[in-house]
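# Structural overview for review
Residue strings, one per chain:
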Amino acid sequence: MIGRAVQRIPAESRKPIAGGLVLAAGAAACFGLVLTSLGIAGGETVEECTGHLVWKECEKVYNDWSLATSVFIIVAGVGLLIFAAGAVYAAILLSLTRSHLNKYQAILTGVEVMSIQKVADITHVRPSKVRSEIQ
C-alpha cells in the first residue's frame, strides 16, 4: 500500500518529502516514547503548598492516575511509535525508488528508443516494475 503511494509521487518531489517524513518520524518517536513512559509510570508527582508567603509549607504528593488514563496514554504513545516506523519505512522507499530513477536516467541518456524488456534485463528488475517506475 505504501509502495504504490510512493510510486505516484513525482521524482523531483521525493527527496524533500523523504526528509520531511524523517523529521516527522523523529518528532513522533520522541513524543511516543514520552507518552509511553508516562503511561507506564501511572501517575505524577506534584508539589502542594499551604499557607501564606512566609509560613508556606510544601510537600510532594504522588497523584495516581486511573487505569483507563494510563492505558489511553500508553496506546497513544505506541500509536505514535508505529506512525514513526511507517514514516521511516516510507522515507526509505522514497530514497530507493529515487536511486532506481537515477539508474534509468543513466541507461536511457542519449538513447532514442529502447524496449522495456532490455532496460529490465540491464537493471535485473521485472518489466512491469520498470514500466511503472519510468511512467
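In this text, all values refer to a predicted model and were calculated from it rather than measured experimentally.

### Brief notes about the pairing of strand S1 (residues 43-50)
Working note: regular strand, side chains alternate between the two faces of the sheet. Relative to strand S2 (residues 57-64), S1 is paired through eight bridges, and the arrangement is antiparallel. Following the sheet pairing, glutamate 48 is matched in S2 by glutamate 59. The turn joining S1 and S2, which pair antiparallel and follow one another in sequence, is formed by six residues; a positive phi near 95° is taken by glycine 51.

### A look at the packing of helix H4 (residues 116-123) against helix H5 (residues 127-134)
In contact at an axis separation of 9 Å, H4 and H5 are set at 105° when each is read in the N-to-C sense. Here H4 is positioned roughly perpendicular relative to H5, judged by the angle of their axes. Residues Ile116, Gln117, Val119, Ala120 and Thr123 of H4 pack against Pro127, Val130, Arg131 and Ile134 of H5. Split into classes, the residues belonging to the contact of H4 with H5 amount to six nonpolar, two polar and one charged.

### Brief notes about the state of the cysteines
Taken as a whole and assessed by the stated rule, the structure comprises one disulfide. Here cysteine 49 engages in a disulfide with cysteine 58; their sulfurs sit 2.0 Å apart. Disulfide cysteine 49-cysteine 58: the torsion about the S-S bond is 105°, which places it as right-handed.

### Observations regarding the environment of alanine 29
Here alanine 29 lies in helix H2 (residues 14-41). Taking the relative accessible area as the measure of exposure, alanine 29 reaches 23% and is therefore partly exposed. Sequence separation between alanine 29 and glycine 77 is 48 residues, and the spatial gap between their C-alpha atoms is 8.4 Å. Once residues within four sequence positions are removed from consideration, alanine 29 is found in contact with Leu81 and Ala84.

### A short note on the side chain of threonine 36
Within the fold, threonine 36 resides in helix H2. At a separation of 2.7 Å, a polar atom in the side chain of threonine 36 contacts the main-chain carbonyl oxygen of glycine 32.

Calculation rules
- Residues numbered from 1 in each chain as written.
- Predicted model: local features only at pLDDT ≥ 70, side-chain atom pairs only at ≥ 80, totals over all residues.
- Heavy atoms only, no water.
- Pairing = 2+ DSSP bridges.
- Helix = DSSP H or I, 4+ residues; strand = E, 2+ residues; numbered from the N terminus.
- Axes fitted to C-alpha atoms, helices over the stretch in contact; angles between N-to-C directions.
- Parallel < 35°, antiparallel > 145°, perpendicular 65-115°, else oblique.
- Contact = heavy atoms within 4.5 Å.
- Nonpolar A, V, L, I, M, F, W, Y, C, P; charged D, E, K, R; others polar.
- Disulfide = S-S within 2.5 Å.
- Buried < 20%, exposed > 50% of the residue type's maximum accessible area, 1.4 Å probe, protein only.
- Polar contact = N/O pair within 3.5 Å; in protein donor to acceptor, adjacent residues only side chain to side chain.

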